[in-house]
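Residues per chain are reported as follows:
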Amino acid sequence: MDLQEILGTKDQTVQEVIRKQLREHLPAVEKLISSFQNWLKSGTYLPKNIDKSIIVNYLRFSDYNLELAKRKFEDWILTMYKFKNITFASLDYGYFQRFERTFFLCPKLTPECNRIGFMTIPEDVNDFDFQKIFNYLLALIEFLTIKDECAGYISIYDFANLTPEHLAKVNAKLLSEAVNFMFNIYPVKIRQSHFINVPYIPETFISTAKSSMDENILKTMVIHKKPVDLTRLFPKECLPAEYGGSPNLKIDDIVEKQNRYMFGDAELARQRESLNLAADLPQDKRQQHSFEDFELGYISTQNDD
């Protein structure tokens, strides 16, 4: 499977636009990469020999603040370890072959070199397994951190199928973890977040999500209370056919290629393995990151009493 079919072509022109959008100065970035690599080698438990592309993504989306990039990377590694029993190795491939249209990426970048990604909800509530969906999100984010290159992300959350029955299956604790991971740990610059086809959502869920976001993230969010034509916001070639975009870009095809690469590419598997901890996790880190609740990958149900 060719990665270009999933993430598009990154020619010299695209590279230059990305660097311009991110105000990137290559000589300075190379020095930061070297400092980051030395920091990894000097540590005890963090992985030592990770791909340069991962370091670049963390530096880019930390605005080239080395200390912030290091903190975010460490938080990412610890979060993936915390959820080690619901990360890639435990993905239920059969489930996602049948039902996965929850997260998918558009291969064509916008003129500003931002990537558009979609989140949808299975129509049948019986197909909605929040923990498995979070499981897939972790794997997708890992894939993007290793392989993607863009100036930022535009997220479109489509709640057309959301019902009270779906909400009843959402674990509030895991929702909070998911939001924190997406907006505070994952190396991403959120340019815009669009919420479409939004029904009534109880304030409990809204406050849980907002509590893990800073003010800058909240400013990127737009809730469309009326039906919206996405082709008035973004180029057609950057959208799937089902949302008025390119007739040759079908969601089923996007998802099939995305999953085939994520589950079957040997090089990606090697890069994923390189992110394993180099040594046992120190006790102070276990206490700092509250691992006890998640040691077995078990997500307890919130008690509302």
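None of these values were measured; they are calculated from a predicted model.

What am I meant to see in the environment of tyrosine 200 here?
Its location among the elements puts tyrosine 200 in the loop between β4 (190-196) and α10 (203-210). With 37 residues separating them along the chain, tyrosine 200 and threonine 163 place their C-alpha atoms 9.0 Å apart.

What am I meant to see in the sheet that holds strand β5 (residues 221-223) here?
Strand pairing in a sheet relies on backbone hydrogen bonds, with the paired strands running either antiparallel or parallel. Sheet architecture is open: five strands sit in the order β1-β2-β3-β4-β5, paired in mixed fashion. Two strands lie at the open edges of the sheet, namely β1 (103-105) and β5, each paired on one side alone. Within the sheet, the average angular offset between the axes of one strand and its neighbour, ignoring direction, is 15°. One ladder, built from six bridges, connects strand β2 (residues 114-119) with strand β3 (residues 152-158); its direction is parallel. Paired with isoleucine 116 across the strands is isoleucine 154, a residue of β3. Seen against the sheet, helix α7 (residues 130-147) touches β1 and β3 and runs at an angle of roughly 25° to β1.

Where do I start with the nonpolar core in this structure?
Formed by 75 residues in total, the largest nonpolar core has its most connected members in Phe36, Phe73, Trp76 and Phe143. Among the elements that take part in this core, α7 stands out by supplying twelve residues, more than any other. Those residues in contact with phenylalanine 143 that lie beyond four places of it in its chain are Leu3, Ile6, Leu7, Leu105, Asp148, Tyr261, Met262 and Leu268. By size, the runner-up hydrophobic cluster in this structure holds 16 residues, among which are Ile116, Ile154, Leu249 and Val255.

Where do I start with the packing of helix α4 (residues 52-60) against α7 in this structure?
The axes of two packed helices give the description: the angle between them and the distance between them. Interaxial distance between α4 and α7 falls to 7 Å at its minimum, and their mutual angle equals 100°. Here α7 runs roughly perpendicular to α4, going by the angle between their axes. Residues Ser53, Ile54, Asn57 and Tyr58 of α4 form the contact with α7, whose participating residues are Leu144, Thr145 and Ile146. When grouped by side-chain class, the residues that make up the contact of α4 with α7 number four nonpolar, three polar and no charged.

Please clarify how the packing of aromatic side chains should be interpreted in this entry.
Describing an aromatic ring pair means giving the distance of the ring centres and the angle of the ring planes. Tallied over the full model, the rule gives 13 aromatic pairs. With a centroid separation of 5.6 Å and an interplanar angle of 40°, the aromatic rings of tyrosine 58 and tryptophan 76 are classed as tilted. Of this pair, tyrosine 58 sits in helix α4 while tryptophan 76 sits in helix α5 (residues 66-82), and the two are 18 residues apart along the sequence. Note on accessibility: tyrosine 58 and tryptophan 76 belong to one class, buried. Taken together, the aromatic side chains of Phe36, Trp39, Tyr58, Phe73 and Trp76 make up a single cluster linked through ring pairs.

I'm lost on the pattern of salt bridges in this one. Help?
Opposite charge on two side chains lets them pair, provided their charged atoms get close. Under the defined criterion, the tally for this structure stands at 13 salt bridges. Residue glutamate 149 pairs with arginine 60 through a salt bridge whose shortest N-O separation is 3.2 Å. Placement of glutamate 149 in the loop between α7 and β3 and of arginine 60 in helix α4 is noted, with a sequence separation of 89 residues between them. Residues joined by salt bridges that share partners form a network here, namely Arg19, Glu24, Arg60 and Glu149.

Help me out: how do you make sense of the state of the cysteines in this one?
The tally for this structure, following the rule as stated, stands at zero disulfides. Lacking any disulfide linkage, cysteine 150 is separated from the closest cysteine sulfur, that of cysteine 113, by 8.6 Å. Under the relative-accessibility criterion, cysteine 150 is labelled buried at 1%. Just so you know, cysteine 238 is unpaired, no disulfide at all, and the nearest cysteine sulfur is the one on cysteine 106, 7.5 Å from it. Accessibility expressed as a relative area gives 1% for cysteine 238, which makes it buried.

What counts as what
- Residues numbered from 1 in each chain as written.
- Predicted model: local features only at pLDDT ≥ 70, side-chain atom pairs only at ≥ 80, totals over all residues.
- Heavy atoms only, no water.
- Helix = DSSP H or I, 4+ residues; strand = E, 2+ residues; numbered from the N terminus.
- Pairing = 2+ DSSP bridges.
- Axes fitted to C-alpha atoms, helices over the stretch in contact; angles between N-to-C directions.
- Contact = heavy atoms within 4.5 Å.
- Core = buried A, V, L, I, M, F, W, Y, C linked by side-chain atoms within 4.5 Å.
- Buried < 20%, exposed > 50% of the residue type's maximum accessible area, 1.4 Å probe, protein only.
- Parallel < 35°, antiparallel > 145°, perpendicular 65-115°, else oblique.
- Nonpolar A, V, L, I, M, F, W, Y, C, P; charged D, E, K, R; others polar.
- Phe/Tyr/Trp six-rings, centres within 6.5 Å; stacked < 30°, edge-to-face > 60°.
- Salt bridge = Lys/Arg side-chain N within 4 Å of Asp/Glu carboxyl O.
- Disulfide = S-S within 2.5 Å.

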